[in-house]
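If you want the building blocks of each chain, they are given just below.
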There are 2 protein chains.
Amino acid sequence: MELAEAKQKFIEAWGKLGSEWGINRTMAQVHALLLISPEALTTEEIMEALSISRGNANMTLRDLIGWGLVEKQHKAGERKEYFYADKDTWNIARQVAKERRKRELDPVLKVLDELSKVDGDVNDPEYKTFNKSVTDINMLAKNVDKTLDTMLKAEENWFWGSLFKIFK
Amino acid sequence: MELAEAKQKFIEAWGKLGSEWGINRTMAQVHALLLISPEALTTEEIMEALSISRGNANMTLRDLIGWGLVEKQHKAGERKEYFYADKDTWNIARQVAKERRKRELDPVLKVLDELSKVDGDVNDPEYKTFNKSVTDINMLAKNVDKTLDTMLKAEENWFWGSLFKIFK
DNA sequence: TTAAACTTTCAAAATATATTGAAAGTTTAA
DNA sequence: TTAAACTTTCAATATATTTTGAAAGTTTAA
């Protein structure tokens, strides 16, 4: 396979994976493009490479910066802004985990905590089932939360090393 | 908070979480409804409770069955089909992990394996960057895959217990 | 200042996804 | 058989999300 073709495939695959996991396809593609670019790229270059509009490129880049996955670079003597992606996979994974936890897991945990406090008639099957499900899910979510917390603080080697010590 | 209100909130929260993670909102809501129902429900009851059409209810239920989260029940002397959700949170988590791995992670792993075999000029920065990113992501994805595999085979207590032994 | 170079915004358009509901299909009991 | 009870299908519709592109905004150099 040619490098050019391989690059396309990578961008496509990353875009598809992103969209299946609730991340805008274009955002994932721009990220993929930057991941395989040795040098920082301009908005123009990104528009060109992915055939997207200026507005789309601009918004997507701002989002990626908001997710902590991409940063702006300035080159001496140039007006243009350049964009560069952190290439460290472990940082990427942590960054994504961190953002999604903040945006999605935390709010749900808050609701679950509230809901598990609701009380009612212990002899009412409706109440009993509701309460059990909510409580169980709350516990699971808290475990996930705790694990993410550890992962966010951890070094890559330590993290996977520890996992494999048990899971091997 | 009243039980009725709490139920609504739970269904909403579950639906929102689902849609943020690439799962159809209605599917997540139907699942939530069944999770807090002590008894199996009919299509009619689900349509009524969530104000959705028959077609939608039917398709959604079929999807949930396909995900292994819901099963049909038959009651003696009745024509109607009843639907019941497994209430074991750990089973739910495993089931979802299993399906998403099969549907989404596995195909990406296949592509990444291919792409990491592409070769090129080691002095070409374009190639070097491409290759490094693809290889790194491939390794990460394989680690995730391995961990999921362990999780799928594991008992809940063993799994979290082992995690906490390290992560505490 | 000014104007060229560049970035951002956002209403409108395009696209993708989800939902409806009526018709077609299936099963069962008599 | 038949017809009532129930389930499934799918084209049309509705909704939600993404993208465009031109106009407005900003920055910089001269």
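This text follows the structure it describes.
Quick caveat, the model's predicted, so the values are computed rather than measured. (Residues numbered from 1 in each chain as written. Chains lettered and ligands numbered in written order. Predicted model: local features only at pLDDT ≥ 70, side-chain atom pairs only at ≥ 80, totals over all residues. Heavy atoms only, no water.)

**A few points about the sheet that holds strand 2 (residues 70-74) of chain A**
Backbone hydrogen bonds are what pair the strands of a sheet, in a parallel or an antiparallel way. Residues and elements named next belong to chain A. Applicable threshold: Should DSSP find at least two bridges between two strands, the strands are regarded as paired. Secondary structure elements are taken from DSSP: a helix is a run of H or I of four residues or more, a strand is a run of E of two residues or more, and numbering for both begins at the N terminus. A contact between two residues is defined here by any heavy atoms of the two lying within 4.5 Å. Angles run from 0 to 180 degrees between N-to-C directions of axes, and those axes are lines fitted to C-alpha atoms, restricted for helices to the stretch in contact.
Read from one edge to the other, the open sheet built from 3 strands follows the order 1-3-2, with strand pairing classed as antiparallel. Every other strand in the sheet has two partners, leaving strand 1 (41-42) and strand 2 as the edge strands with one partner each. Two strands pair when backbone bridges link them, and strand 2 and strand 3 (residues 81-85) are joined in this way by 5 bridges, in the antiparallel orientation. Across the sheet, Glu71 pairs through a bridge with Tyr84, a residue of strand 3. Sheet contacts for helix 2 (residues 25-35): strand 1, strand 2 and strand 3; angle to strand 3, the most-contacted strand, approximately 85°.

**Some thoughts on the protein's contact with DNA strand C**
Counted only if it meets this: We call a residue near a molecule or strand whenever a single non-hydrogen atom of that residue lies within 4 Å of it. Residues adjacent in sequence count toward polar contacts only when both atoms are side-chain atoms; beyond that, a polar contact is any pair of N or O atoms within 3.5 Å, and within protein one must be able to donate a hydrogen and the other to accept it. Think of it as three bins: nonpolar holds Ala, Val, Leu, Ile, Met, Phe, Trp, Tyr, Cys and Pro, charged holds Asp, Glu, Lys and Arg, and polar takes everything else, Gly as well.
In the vicinity of DNA strand C, 17 residues are found, and the nearest of them are Asn58, Arg62 and Arg79 of chain A together with Thr26 and Ser53 of chain B. Sugar and phosphate atoms constitute 68% of the interface atoms of DNA strand C, taking the interface as everything within 4 Å of the protein. Between Arg79 of chain A and DNA strand C, the recorded distance is 2.9 Å, taken from a side-chain N or O atom to a base nitrogen. With respect to DNA strand C, the backbone of Ser53 of chain B contributes an N or O atom lying 2.6 Å from a phosphate oxygen. Looking at the surface near DNA strand C, the elements that each hand over two or more residues are helix 4 (54-66) of chain A together with helix 4 (54-66) of chain B. The element contributing the most residues to the surface near DNA strand C is helix 4 of chain A, with 5 residues. Considered class by class, the residues forming the surface near DNA strand C number 2 nonpolar, 8 polar and 7 charged.

**Observations regarding the protein's contact with DNA strand D**
Surrounding DNA strand D, one finds 17 residues, the nearest of these being Thr26 and Ser53 of chain A together with Asn58, Arg62 and Arg79 of chain B. Side-chain polar atom of Thr26 of chain A to a phosphate oxygen of DNA strand D: 2.3 Å apart, as the coordinates give it. Within the contact set of DNA strand D, a phosphate oxygen lies 2.3 Å away from a side-chain nitrogen or oxygen of Asn58 of chain B. When residues of the surface near DNA strand D are traced back to their parent elements, those giving at least two are helix 4 of chain A together with helix 4 of chain B.

**Quick notes on the environment of Val70 of chain B**
Residues and elements named next belong to chain B. The line we're drawing: Categorising residues by exposure relies on relative accessible area from a 1.4 Å probe, with only protein chains included: less than 20% of the type maximum marks a residue as buried, more than 50% marks it as exposed, and the intermediate range marks it as partly exposed.
Looking at the secondary structure, you find Val70 in strand 2 (residues 70-74). When its relative accessible area of 5% is taken as the criterion, Val70 is described as buried. Separated by 64 residues in sequence, Val70 and Ala6 place their C-alpha atoms 22 Å apart.

**Let's talk about the interface of chain B and chain A**
So the rule is basically this: When two parts are brought into contact, each loses some accessible area as probed by a 1.4 Å sphere; the total of that loss over both is the buried area. A pairing counts as a salt bridge when a side-chain nitrogen of Lys or Arg comes within 4 Å of a carboxyl oxygen of Asp or Glu.
Facing 51 residues of chain B, the contacting portion of chain A comprises 51 residues. Buried area between chain B and chain A, summed over both chains or domains, comes out near 5,100 Å², and the portion from carbon and sulfur atoms is 76%. Seen at the junction of chain B and chain A, the total is 4 salt bridges. The partner of Glu126 of chain A in a salt bridge is Lys7 of chain B, with the nearest N and O atoms 2.8 Å apart. Across the contact surface, chain B and chain A share 8 residue pairs in polar contact (both at pLDDT 80 or more). Counting only elements with at least two residues in the side of chain B that touches chain A, the list comes to helix 1 (3-20), helix 5 (89-117), helix 6 (125-153) and helix 7 (156-167) of chain B. For the side of chain B that touches chain A, the leading source of residues is helix 6 of chain B, giving 15 residues. Taken together, the residues of the side of chain B that touches chain A sort by class into 31 nonpolar, 9 polar and 11 charged.

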